[in-house]
Amino acid sequence: MPHTSARTGIPAHPLDNPAYDSLTGAHARFAEGRGRVLRYQTDVSPWLGLPADPDATDWADLAALAGPGAEVALPGVRVALPEGWEVTFDMEGVQLVDEAVDARPDEEAVRLGADDVPEMLALVERTRPGPFLPRTVELGTYLGIRRGGELIAMAGERLHPPGWTEISAVCTDAAFRGQGLGSRLVRAVAAGIKERGETPFLHTAAANTGAISLYESLGFRLRRTTRFLAARVPEHSAG
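To start, this report covers the structure provided alongside it. (Residues numbered from 1 in each chain as written. Predicted model: local features only at pLDDT ≥ 70, side-chain atom pairs only at ≥ 80, totals over all residues. Heavy atoms only, no water.)

### Looking at the sheet that holds strand β6 (residues 110–112)
Sheet strands line up and pair through hydrogen bonds in the backbone, either parallel or antiparallel. A sheet is described by the order of its strands in space; here eight strands give the open sequence β4-β11-β5-β10-β9-β8-β7-β6, paired in mixed fashion. The two strands at the open ends of the sheet, each matched to only one other strand, are β4 (71–73) and β6. Ignoring which end each strand starts from, the neighbouring axes of this sheet average 30 degrees apart. Note that β4 and strand β11 (residues 220–232) share three bridges and pair antiparallel. (Pairing = 2+ DSSP bridges. Helix = DSSP H or I, 4+ residues; strand = E, 2+ residues; numbered from the N terminus. Axes fitted to C-alpha atoms, helices over the stretch in contact; angles between N-to-C directions.)

Here is the structure:
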């Protein structure tokens with residue numbers, strides 16, 4: 001059931017606060033929390049969920065959950081941070097949703113699992129698609145393409161708010177770019193999402209115009225702008 005904004009009283013869209021709606025729903029088994037604040041287990045994902053309108057108690061609970069001096073990811077947060085919180089990362093982003101994606105399986109794509117994590121982490125280290133941790137693979141289906149036995153491209157599922165699944169960790173080794181592998185994997189992951197009756201969506205940096213153009217060519221459309229923010233908990237937090 002969608003949550004309601006305390007500010008407007010209007011039911012919020014699941015993609016307005018997708019981490020929170022994932023952690024209170026399909027990904028509740030990965031959640032750690034204090035009060036109304038939730039986060040993924042720290043070896044699964046750095047994302048956390050704050051209520052849409054966090055108050056002083058929520059910030060104190062977050063500080064207590066993370067610990068003094070910890071750096072926390074605050075995706076989508078646009079409210080002012082409390083006094084003493086240091087912004088460590090701030091980047092504008094975009095959220096795109098499936099409008100006309102030609103989703104289809106890929107014969108070369110293989111399902112990746114726990115045994116593949118060392119290779120997945122190595123590929124992420126080389127390509128830097130965004131956060132990917134030792135247990136991120138547990139969040140959903142991850143598909144990869146191998147050449148000569150080596151994992152050279154992958155994509156998978158991350159956030160899972162009601163009715164939606166995020167496509168994430170789309171990456172291709174530099175030596176194999178320009179062959180359309182990323183596009184093929186996005187379509188293949190999208191096919192699995194749609195087969196469940198859900199809708200694919202994804203995030204990328206607003207400055208990454210090449211990726212945005214690619215995703216739009218695949219049938220995604222811009223839904224909204226967002227913000228990727230991280231901040232450091234004060235060393236002497238009252239939480």
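### Quick word on the packing of aromatic side chains
In total, this model carries four aromatic pairs according to the counting rule given. Ring centres of Trp-59 and Trp-85 lie 5.2 Å apart, and the angle between their planes is 70 degrees; this geometry places the pair in the edge-to-face category. Taken together, the positions of Trp-59 in helix α2 (residues 56–66) and Trp-85 in the loop between β4 and β5 (86–98) put the pair 26 residues apart, joining distant regions of the chain. Given a relative accessible area of 12%, Trp-85 falls into the buried group. (Phe/Tyr/Trp six-rings, centres within 6.5 Å; stacked < 30°, edge-to-face > 60°. Buried < 20%, exposed > 50% of the residue type's maximum accessible area, 1.4 Å probe, protein only.)

### Here we look at the sheet that holds strand β1 (residues 31–34)
An order of β1-β2-β3 is seen for the three strands of this open sheet, with the pairing classed as antiparallel. Where the open sheet ends on each side, the last strands, each with one partner, are β1 and β3 (48–49). Sheet topology places strand β2 (residues 37–40) next to β3; two bridges connect them, and they run antiparallel. Note on β3: the bridge partner recorded for Leu-38 is Gly-49. Here α2 sits on the sheet in contact with β1, β2 and β3, set at roughly 35 degrees to β2. (Contact = heavy atoms within 4.5 Å.)

### Details of the pattern of salt bridges
Scanning the entire structure with this criterion turns up 24 salt bridges. Asp-16 is paired through a salt bridge with Arg-223; the nearest N and O atoms lie 2.7 Å apart. You can see Asp-16 sitting in the segment before α1 (18–23) and its partner Arg-223 sitting in strand β11, a full 207 residues away along the chain. Residue classification places Arg-223 among the partly exposed positions, given a relative accessible area of 25%. Connected through salt bridges with shared partners, the residues Asp-106, Glu-108, Arg-147 and Arg-184 form a single ionic network. (Salt bridge = Lys/Arg side-chain N within 4 Å of Asp/Glu carboxyl O.)

### Considerations on the packing of helix α4 (residues 181–195) against helix α5 (residues 209–218)
Across the interface, α4 lies against α5 with an axial gap of 11 Å and an inter-helix angle of 50 degrees. Judged on the interaxial angle alone, α5 and α4 are oblique. α4 and α5 meet at a crossing whose hand is right-handed. Seen from α4, the contacting residues are Ser-183, Val-186 and Arg-187; seen from α5, they are Leu-214, Tyr-215 and Leu-218. Taken together, the residues of the contact of α4 with α5 sort by class into four nonpolar, one polar and one charged. (Parallel < 35°, antiparallel > 145°, perpendicular 65-115°, else oblique. Left-handed = near helix turned anticlockwise from the far one by under 90°. Nonpolar A, V, L, I, M, F, W, Y, C, P; charged D, E, K, R; others polar.)

### Quick word on the pairing of β5
Looking at chain direction, β5 and β11 are connected through 12 bridges and run antiparallel. Bridged to Asp-98 within β11 is Phe-220. Where β5 lies against strand β10 (residues 199–205), five bridges are found, and the strand directions are antiparallel. The residue of β10 that forms the bridge with Gly-93 is Ala-205.

### Here's the deal with the pairing of strand β8 (residues 150–157)
Within β8, seven of the eight residues are buried, which leaves the element mostly enclosed by the surrounding structure. Sheet analysis places strand β7 (residues 142–147) next to β8, joined by six bridges and oriented antiparallel. Looking across to β8, one finds that Gly-144 is bridged to Met-154. The antiparallel hairpin formed by β7 and β8 contains two residues in its connecting segment, where Gly-148 sits at a positive phi of about 60 degrees. One ladder, built from four bridges, connects β8 with strand β9 (residues 164–172); its direction is antiparallel. Counterpart to Met-154 in the pairing with β9 is Cys-171. Linking β8 to β9, which pair antiparallel, is a turn of six residues; within it Gly-163 sits at a positive phi near 85 degrees.

So, to be careful, I would describe these as geometric facts and stop short of saying anything about function.
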